[in-house]
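Chain and residue survey
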Amino acid sequence: MTAHTPAALVLEDGRIFRGDAYGAEGSTLGEVVFSTGMTGYQETLTDPSYHRQIVVQTAPQIGNTGWNDEDDESARIWVAGYAVRDPARVPSNWRSLRPLDEELRRQGIVGISGLDTRTVTRHVREHGAMRGGIFSGHDLRSDEEMVEKVVASAGMVGADLAGDVTTAEPYVVPAVGEKRFTVAALDLGIKSNTPRMMAQRGIEVHVLPLTSTLEEVLSVGADGLFLSNGPGDPATTDQQVELTRQALDRKLPLFGICFGNQILGRALGRGTYKLRYGHRGINIPVIDAETGRVAITAQNHGFAVEGEPGERFDTDFGRAMVSHHCANDGAVEGLRLLDGPAFSVQYHPEAAAGPHDAAPLFDQFVDMMSEAR
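Now for a look at the structure at hand. (Residues numbered from 1 in each chain as written. Predicted model: local features only at pLDDT ≥ 70, side-chain atom pairs only at ≥ 80, totals over all residues. Heavy atoms only, no water.)

Scanning the model with the defined rule gives five aromatic pairs in all. Ring plane angle 80° and centroid distance 5.7 Å describe the contact between F255 and F362, whose orientation is recorded as edge-to-face. With F255 in strand β14 (residues 254-257) and F362 in helix α10 (residues 361-372), this residue pair connects regions lying 107 residues apart in the sequence. On the basis of relative accessibility, which here comes to 1%, the residue F362 falls in the buried class. An aromatic cluster is built from F226, F255, F343, F362 and F365, whose rings are joined through pairwise contacts. (Phe/Tyr/Trp six-rings, centres within 6.5 Å; stacked < 30°, edge-to-face > 60°. Helix = DSSP H or I, 4+ residues; strand = E, 2+ residues; numbered from the N terminus. Buried < 20%, exposed > 50% of the residue type's maximum accessible area, 1.4 Å probe, protein only.)

A word on empty space enclosed by the protein. Gaps between atoms show up when a probe of the same size as a water molecule is rolled over them. Counted according to the given criterion, the structure contains three cavities of 30 Å³ or more. Taken together, 22 residues form the lining of the largest cavity, with G40, T44, Y50, I282 and A352 sitting closest to its centre. Of all the secondary-structure elements, those providing two or more residues to the lining of the largest cavity are α1 (41-45), β15 (272-288) and β16 (294-305). A class-by-class count of the residues in the lining of the largest cavity yields nine nonpolar, 10 polar and three charged. Size it by volume and the second largest cavity reaches roughly 130 Å³. The wall of the second largest cavity is formed by 16 residues, among which G230, P231, G232, H301 and G302 lie closest to the centre. Put simply, the parts of the chain that give the lining of the second largest cavity at least two residues each are α9 (259-267) and β16. Element by element, the count of residues in the lining of the second largest cavity is highest for β16, at four residues. Among the residues forming the lining of the second largest cavity, the class breakdown is five nonpolar, nine polar and two charged. (1 Å grid on protein atoms, 1.4 Å probe; cavity = no way out; pocket = protein on both sides within 12 Å on 5 of 7 lines; lining within 4 Å. Points joined across faces, edges and corners; volume = space filled by probe spheres on them. Nonpolar A, V, L, I, M, F, W, Y, C, P; charged D, E, K, R; others polar.)

With that settled, the discussion passes to the pairing of strand β9 (residues 130-136). Counting buried positions along β9 yields seven of seven residues, so the element is predominantly enclosed. When strand β1 (residues 6-11) meets β9, the two strands line up antiparallel, connected through five bridges. Each bridged residue has a counterpart across the sheet, and for A8 the counterpart in β9 is F135. With six bridges joining them, strand β3 (residues 27-35) and β9 adopt antiparallel strand pairing. By the bridge assignment, L29 is partnered in β9 with G133. (Pairing = 2+ DSSP bridges.)

Here we take up the layout of surface pockets. Size it by volume and the largest pocket reaches roughly 400 Å³. Around the largest pocket, the lining comprises 20 residues; the ones closest to its centre are F34, T36, R125, Y277 and G278. Sorting the residues of the lining of the largest pocket by element identifies α3 (117-127) and β15 as the ones contributing at least two each. Considering every element that reaches the lining of the largest pocket, the biggest residue donor is β15, with nine residues.

What follows concerns the sheet that holds strand β2 (residues 16-23). Pairing in this closed barrel of seven strands is mixed, and the strands run β1-β2-β8-β6-β4-β3-β9 around the ring. Each adjacent strand pair in this sheet contributes to an overall mean axis angle of 35°, direction not counted. Pairing of strand β4 (residues 53-57) with strand β6 (residues 81-83) involves three bridges; the strand directions are parallel. If you follow V56 over to β6, its bridge partner there is A83. On top of the sheet, helix α4 (residues 143-151) reaches β1, β2, β3 and β9; it is set at about 135° to β9, its chief contact. (Axes fitted to C-alpha atoms, helices over the stretch in contact; angles between N-to-C directions. Contact = heavy atoms within 4.5 Å.)

The final tally for this structure, using the stated rule, is 20 salt bridges. Across the salt bridge formed by R18 and D143, the nearest N and O atoms sit 2.8 Å from each other. Remark: D143 occurs in helix α4 and R18 occurs in strand β2; sequence separation between them is 125 residues. Looking at R18, the relative accessible area reads 46%, which means it is partly exposed. Its relative accessible area of 32% is what places D143 among the partly exposed residues. (Salt bridge = Lys/Arg side-chain N within 4 Å of Asp/Glu carboxyl O.)

Right under this line is the structure:
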């Protein structure tokens, strides 16, 4: 990459932002979303929930701490493209092994730098998340051609993406110290820190492909079922919703995060809808309906469950409630079955690089499995 290879971020409404190629040169298409995290870009890039999304970082400087081999949340970078304002010229961190742009090139991730990411963010906030593309080098075309390509690309509504990111084979993350419980974790795009945090609590985690049946869940001796985060439209998860309903029928303790919250919502009879521009970042306030306590959370989702803050409603499995909501827009951030051992949140208690306000939710899951036993 030279600093002078021109690049363009093109939005479906015809707005074009110019900059320089960053990472790999070429072209890429995806949904343009913004992330407000000031830190943790390596975790963001490797989070499978960002599959088919072009991430715009609102923090002006990205790449200062380089890239290491410990902080990945999965085996690869999943973002479709990356847009930053001011990339670090030289990374500086004792754990850094190589610069960020080198890793982006190595994994073929097309990016753009030198554009005003705050202006892009304000545009997306006003007009909603939209399809876009990054074009650089030989793939740079006339404005009309680039907009045409973006408009012809697939949107997120109806996108069935979790199958692209799930594990092909089951694998086990052993408990740290004495084993207390066994959990079957349905991999819809799980982040590596999730089984790690459960393992620290004496849980042996069996990570299963998303097509797993209740028989396969029970065959590992599961004391509980975990539904992970993941990409795409929750309306495409009929098979996983059916599995969740079977688990609820059996009163198998269940904990879901993010995509898992939407699946539990659907299993409880709720609809889901696409948010205007989603919640993405590590500074989003969530209110607990029962205590009024606010947690600062990490989030990454473009869809939400229908419902009102604190609402109680009837389901096929007894009474349930909207346990948490977003302080910014009132969106549903958590569900709890009042007549059964199941709860979920729309945010990330396994957040790395933080915040850690929500980490005790894993302890709640442990308590729920203890009571069920």
